[in-house]
Amino acid sequence: MANIDKIFDSNDVRWLSKKRLPNLIYDFIEGATGREIALERNLRSFDEIRLLPRSLRDVSKRSLETEFLGQRFDQPFGIAPMGLCNLACPNADLIMAEVAKNRNLPHGLSTATSTSLEKVYRISEDNTWFQLYVFAGVDSGLELVKKAQNAGCKTLILTVDVPQGSRRMRELRNGFQVPFKMGLKQFIDLSTHPLWSLKTIASGIPKPVLINESEDRFDRKALRVGATWDFLDKLRDKWNGKIIVKGVLSVEDAKRVKSSGMDAIWVSNHGGRQLDGAPAAIDALPNIRAALGSEFPIAFDSGIRDGSDVVKALASGANFTFLGRPILHSLAAAGKPGLEKFISIICEDISVVMAQIGLNSTKDINSLVLFGDQG
Ligand SMILES: Cc1cc2nc3c(=O)[nH]c(=O)nc-3n(C[C@H](O)[C@H](O)[C@H](O)COP(=O)(O)O)c2cc1C
């Protein structure tokens, strides 16, 4: 049976991805920081949230259309920005851009992309939002912004939860670095996954095109300390488009981001990849919503694995949601058809959950759909 026929949920894409990818790559995608407690906590916290079924309502006209930051999307979720996506499968960045355009969903393009911005924006235009890491020095950050603007970017995602790359044990143990370090362990790993290795070598081993251009190694530990409150003010002065600040978990930070004139915040713990002691992002969300009021736009990611999780995040205060790892696993599992199928599955899942909780529109998802929060 072809891989595509084996995909029914995020566990399937993860399992198929694990089979197809060298351990080195699978662990880069799936891994998290420290003892991976924050990663587990993200998933567990979603599991503990319950939705209240409602009966006898006409739910025959369900629609997933959702507006966020003045853009109308066909579903309430998008693709989170991820670096080095082409490691999952050749041309992953371009495939995601194409699928984002066709399915009308937002796609985050990372500073650590291995594909040129021009190529991506030519395909996806407004559906791609550029994610900015600011390394030491304000100017380097603003230079990247200019490149993104020249390529056609109108929405920036400023990631603020990576002052420094974290210690991820799977990567350390596997000797993960870009370009690859080729010892015996890595050689055995790659040669026991020949399909991935041959395809990747044929299409060129991915490396970041925007950063460390002068060096031949992508230093994931490089300080990204340029994202400060001062930088935020400078960015607001220079950039007329939308700015979303990604990686906020503190109510105090969230309030200051709002008062700095940003357009939205993105509640996230980076999928547990940065601070192992961090709260699950879904647990931080309700307090941030309460502090920012009902109108301020909030995006959310970290731990979403199915349609039910999307609904739970919207009910807990998010206006829009994003998925990270499952997207790359679907690409690793079955390329573009894998991603398309996975997106359709999440959409179907959301729609079925909406029927169960008695709603026709994502606009009507609020805390009253949560069991135990009916006032
Ligand atoms: C392989 C990988 C690379 C990532 N690279 C970036 C990045 O370059 N910039 C960024 O803001 N977030 C990055 N993230 C974090 C995602 O944007 C997102 O916050 C996280 O994956 C959400 O959690 P989830 O994987 O549980 O859905 C990365 C995540 C993964 C899995």
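Residues numbered from 1 in each chain as written. Predicted model: local features only at pLDDT ≥ 70, side-chain atom pairs only at ≥ 80, totals over all residues. Heavy atoms only, no water.

### Considerations on helix α2 (residues 23-30)
- Burial runs high along α2: 7 of the 8 residues are buried.
- Regarding α2, the residues found buried are Leu24, Ile25, Tyr26, Asp27, Phe28, Ile29 and Glu30. (Buried < 20%, exposed > 50% of the residue type's maximum accessible area, 1.4 Å probe, protein only. Helix = DSSP H or I, 4+ residues; strand = E, 2+ residues; numbered from the N terminus.)

### Observations regarding empty space enclosed by the protein
- Counted by the stated rule, this structure contains 1 cavity of 30 Å³ or more.
- A volume near 500 Å³ is recorded for the largest cavity.
- Forming the walls of the largest cavity are 34 residues, and the residues nearest its centre are Pro81, Met82, Gly83, His270 and Arg273.
- Each residue belonging to the lining of the largest cavity can be placed in one class, and the counts come to 14 nonpolar, 12 polar and 8 charged. (1 Å grid on protein atoms, 1.4 Å probe; cavity = no way out; pocket = protein on both sides within 12 Å on 5 of 7 lines; lining within 4 Å. Points joined across faces, edges and corners; volume = space filled by probe spheres on them. Nonpolar A, V, L, I, M, F, W, Y, C, P; charged D, E, K, R; others polar.)

### Side note on the packing of aromatic side chains
- Applying the stated criterion across every chain yields a total of 10 aromatic pairs.
- When the centroid spacing of 5.6 Å and the interplanar angle of 55 degrees are considered together, the rings of phenylalanine 320 and phenylalanine 322 count as tilted. For the pair shown, phenylalanine 320 and phenylalanine 322 are each scored as buried.
- Connected via pairs of aromatic rings, a cluster forms that spans Phe68, Phe73, Trp129, Trp266, Phe320 and Phe322. (Phe/Tyr/Trp six-rings, centres within 6.5 Å; stacked < 30°, edge-to-face > 60°.)

### Structural notes on helix α3 (residues 37-48)
- Taking 1.5 Å of rise per residue, 12 residues should cover 16 Å, and α3 covers 16 Å from first to last C-alpha, within 8% of that figure.
- What α3 keeps buried is the set Ala38, Leu39, Asn42, Ser45 and Phe46. Each buried residue of α3 sits inside an arc of 135 degrees when the element is viewed along its axis, so together they form one side. Of the exposed residues in α3, the ones pointing more than 90 degrees away from its buried face are Asp47 and Glu48.
- Tucked into the core, α3 has its buried residues touching α2, α12 (281-292), β9 (298-300), α13 (307-315) and α14 (325-356). (Expected span 1.5 Å × (residues − 1). Arc of directions from axis to C-beta. Contact = heavy atoms within 4.5 Å.)

### A word on the pattern of salt bridges
- Tallied over the entire structure, the rule returns 9 salt bridges.
- Note that arginine 170 is salt-bridged to glutamate 36, the shortest N-O span being 2.9 Å. With arginine 170 in helix α7 (residues 169-174) and glutamate 36 in the loop between α2 and α3, this pair connects stretches of sequence that are 134 residues apart.
- For arginine 170, a relative accessible area of 23% translates into the label partly exposed. (Salt bridge = Lys/Arg side-chain N within 4 Å of Asp/Glu carboxyl O.)

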